[in-house]
Amino acid sequence: MADLNVITHDILIVGAGLAGTWAAMSAGENGVKDIGVLSKVHPLRSHSSAAQGGIAAALNNVRPVEGTGPRGPLEQIPPGDDPIDSPDLHMFDTIKGSDWLGDQGAIEIMVNEAPEIVYQYERMGCVFSRTPDGRIAQRRFGGHSVPRANYAADYTGHVLLHTIHEQAVRNGVKFYAEWYCLDLLVEDNVCRGVVALDITTGELYLIRAKAVFFGTGGYGRAWKITSNATANTGDGVAIAYNAGVPLMDMEFVQFHPTGVYGKGILMSEACRGEGGYLRNVNGDRFMENYAPDKMELAPRDLVSRSEQTEIEQGRGVGADGEGIYLDMTHLGAEKIMERLPQVRELALNFAGVDIIDAPAPIQPTAHYSMGGIPVNANGQVISDAEGTPVVGFYAAGECACISVHGANRLGTNSLLGASVFGRRSGKAMAAFVLSGAALQPVDEGAVKKNRQCISTLMDDSSINGKKESPAAIAEELKTAMTRYAGVFRDEERLTLACEKVQELTDRFKNARIMDKSRRFNTDLLGAIETEHLLTFSKVIVNSGLARTESRGAHYRTDYPKRDDEDWLKHTMAHKDSNGEPELSYKDVDIDWDRYPPQERKY
Ligand SMILES: Cc1cc2nc3c(=O)[nH]c(=O)nc-3n(C[C@H](O)[C@H](O)[C@H](O)COP(=O)(O)OP(=O)(O)OC[C@H]3O[C@@H](n4cnc5c(N)ncnc54)[C@H](O)[C@@H]3O)c2cc1C
């Protein structure tokens, strides 16, 4: 094709959050020089930079003051004293948090590499908060038995991403800011490159690479109330699925207990880690009735369900009774200004409340996607339950499912997982490229196909009054997902969700956009993203309908018990020839001697 724009790289990375940037950095450090990174937003606006609370690692820098209980103050551990934390304890907490769906081999790798990766950030210049003697400060987080969250006030993701981005730039990685990946080219189980759009010019490019990595982040934007950035539309998972790659455990979506009421913007779990209370309309700390030991620091799935129960039983707050109070007034202005300055600002701006003086209204918010593109612990994407690799295709971070988070992620384990497995993927890709991997032939018709899809979205001449607005379809989808695939689910609701997603998918065929221009066409991007939301939402609701048990974040009121006999397994969804998800299952990696399944109580 005469007008075909072609770019080649040894390694092409899609996504400039922590996972993508670590993969680029580490591939570079391991000897690959020609690395390109695409990001649809400016790299430093990736959602990783919105992370507030911390990154987990058993550093043993602080412990609770003896005799003060689970909410009391922390003190630093003098050098030489017995450690209170260990990678083993971190591993157990993570497995329990995952409701035994996490793969234990991968979890072990993550917790063992955690201290080293945090110190690597520190050596690169990351400005962590400190203990009085200068060590990295740690705070409590939900589901972790001891203080283990390493933090930089409540800007942790921001400082981690800036630190690693600087290093990638220093190592000569080429960033393509505001480039949008449209398609992944996989043939005969071998990945060959991607089709991408330069958002600033509207030009389409074929990008060929010996290895492609996806670090495209999460997909909370399929819900109305979400903590996720507008860019978190699950493009990577939808694109991979369309290219024939399966998706794993998509039914497991985490609802964070404290999004700003009516808006979803996150108020970090650090609020409760620092001692904040949850109260219902009567002022009661209702967690006493649901998790008497851990109280507000029970894991997120349990706290969100407890809040939703209070709300549904009429003890909620706010105009429609759909809220709960997060009360930090007893923490004092000094602690709030030192540890939670961003949260205070968010509450002032989005709830109109100063948390120093008054409780903030909050509600559960769609937050984290446990499922995604199945990979092994080196980031190699797999195409079936046997672990057959998709040659040359790698993924890590929130778009991937390793699975270290299983049915429910513990807070602070995600920045950790994105960093550890991003780094491991970079190393594995470098080994693959340096062992002689070659650029593979590509079907140039792929660019034509993508150009045709864009033309169709812009051409309303054939529609005759049946024109659909992508934005309206996205709105209806988000409402349906919130209503029917939220904190509580059952057969009736999930069936309605499946029907609604199908109806909207059919209607999307007539979706047309208003803006026909080339440069910065956000109308076009919005339409493509809506199609991605529909694609993976179909997998979420079908996988959820099939899983007739409750485990972690997937809670079925009609099957309220965990059912290990039938459901201790990962869901794998392939797109069949009719475009429908075909479900199969994969064993969970369990060390039966060390960590056999137990009842999950807090
Ligand atoms: C508000 C908030 C607070 C959080 N706090 C914490 C916390 O304290 N601790 C913790 O462990 N976890 C936290 N998390 C979760 C954690 O931040 C994320 O899971 C993690 O940062 C994801 O990193 P990532 O590299 O996978 O993706 P992201 O950082 O989301 O980056 C995705 C990248 O992919 C790019 N991309 C996506 N689609 C395309 C496309 N089609 N074409 C080109 N580029 C594309 C984007 O531009 C971006 O660069 C929080 C999440 C949120 C939303």
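Just above, that's the structure.
Visitor: Teacher, can you tell me more about the site of the ligand here?
Guide: Lining the immediate surroundings of the ligand are 37 residues, of which Ser46, His47, Ser48, Glu398 and Ser414 lie closest. Ser48 has a polar side-chain atom sitting 2.5 Å from an oxygen atom of the ligand. Interatomic distance of 2.7 Å between a backbone N/O atom of Leu415 and an oxygen atom of the ligand. In isolation the ligand offers 1000 Å² of accessible surface; the protein chains occlude 98% of this area. Elements with a contribution of two residues or more to the shell around the ligand: helix H1 (18-29), strand E2 (35-39), strand E9 (179-187), strand E16 (360-369) and helix H10 (413-434). In the shell around the ligand, the residues fall into 14 nonpolar, 19 polar and four charged.

Visitor: Please explain the nonpolar core as it appears in this structure.
Guide: Soluble globular proteins tend to bury their nonpolar side chains together. With 136 residues, the main nonpolar core has Leu38, Tyr121, Phe214, Ile373 and Phe393 as its most contacted residues. Per element, the largest residue contribution to this core is 10 residues, and it comes from helix H14 (residues 522-546). Those residues in contact with Leu38 that lie beyond four places of it in its chain are Leu12, Ile13, Val14, Gly15, Ala16, Tyr176, Trp179, Cys181, Val194, Ala196 and Ile207. Core analysis: the next-biggest nonpolar cluster, separate from the first, contains 29 residues, Phe286, Met328, Val353 and Tyr602 among them.

Visitor: Honestly, the pattern of salt bridges in this entry has me stumped. Any pointers?
Guide: Pairing between side chains becomes possible if they bear opposite charge and their charged atoms approach one another. Summed over the entire model, instances satisfying the criterion amount to 49 salt bridges. When the shortest N-O distance is used, the salt bridge between Glu122 and Arg130 registers 2.8 Å. For Glu122, a relative accessible area of 26% puts it in the partly exposed group. As a salt-bridge pair, Asp564 and Arg551 come within 2.8 Å of each other at their nearest N and O atoms. Of this pair, Asp564 sits in helix H15 (residues 564-567) while Arg551 sits in the loop between H14 and H15; the two residues are 13 residues apart in sequence, bridging distant segments of the chain. Using a relative accessible area of 0% as the deciding quantity, one classes Arg551 as buried. Each of Asp99, Glu251, Asp301, Arg305, Arg547, Glu549, Arg551, Arg562, Asp564 and Arg600 takes part in a single network of salt bridges with overlapping partners.

Definitions and cut-offs
- Residues numbered from 1 in each chain as written.
- Predicted model: local features only at pLDDT ≥ 70, side-chain atom pairs only at ≥ 80, totals over all residues.
- Heavy atoms only, no water.
- Near = heavy atom within 4 Å.
- Polar contact = N/O pair within 3.5 Å; in protein donor to acceptor, adjacent residues only side chain to side chain.
- Areas by Shrake-Rupley, 256 points an atom, 1.4 Å probe, with all protein chains shown as cover.
- Helix = DSSP H or I, 4+ residues; strand = E, 2+ residues; numbered from the N terminus.
- Nonpolar A, V, L, I, M, F, W, Y, C, P; charged D, E, K, R; others polar.
- Core = buried A, V, L, I, M, F, W, Y, C linked by side-chain atoms within 4.5 Å.
- Buried < 20%, exposed > 50% of the residue type's maximum accessible area, 1.4 Å probe, protein only.
- Contact = heavy atoms within 4.5 Å.
- Salt bridge = Lys/Arg side-chain N within 4 Å of Asp/Glu carboxyl O.

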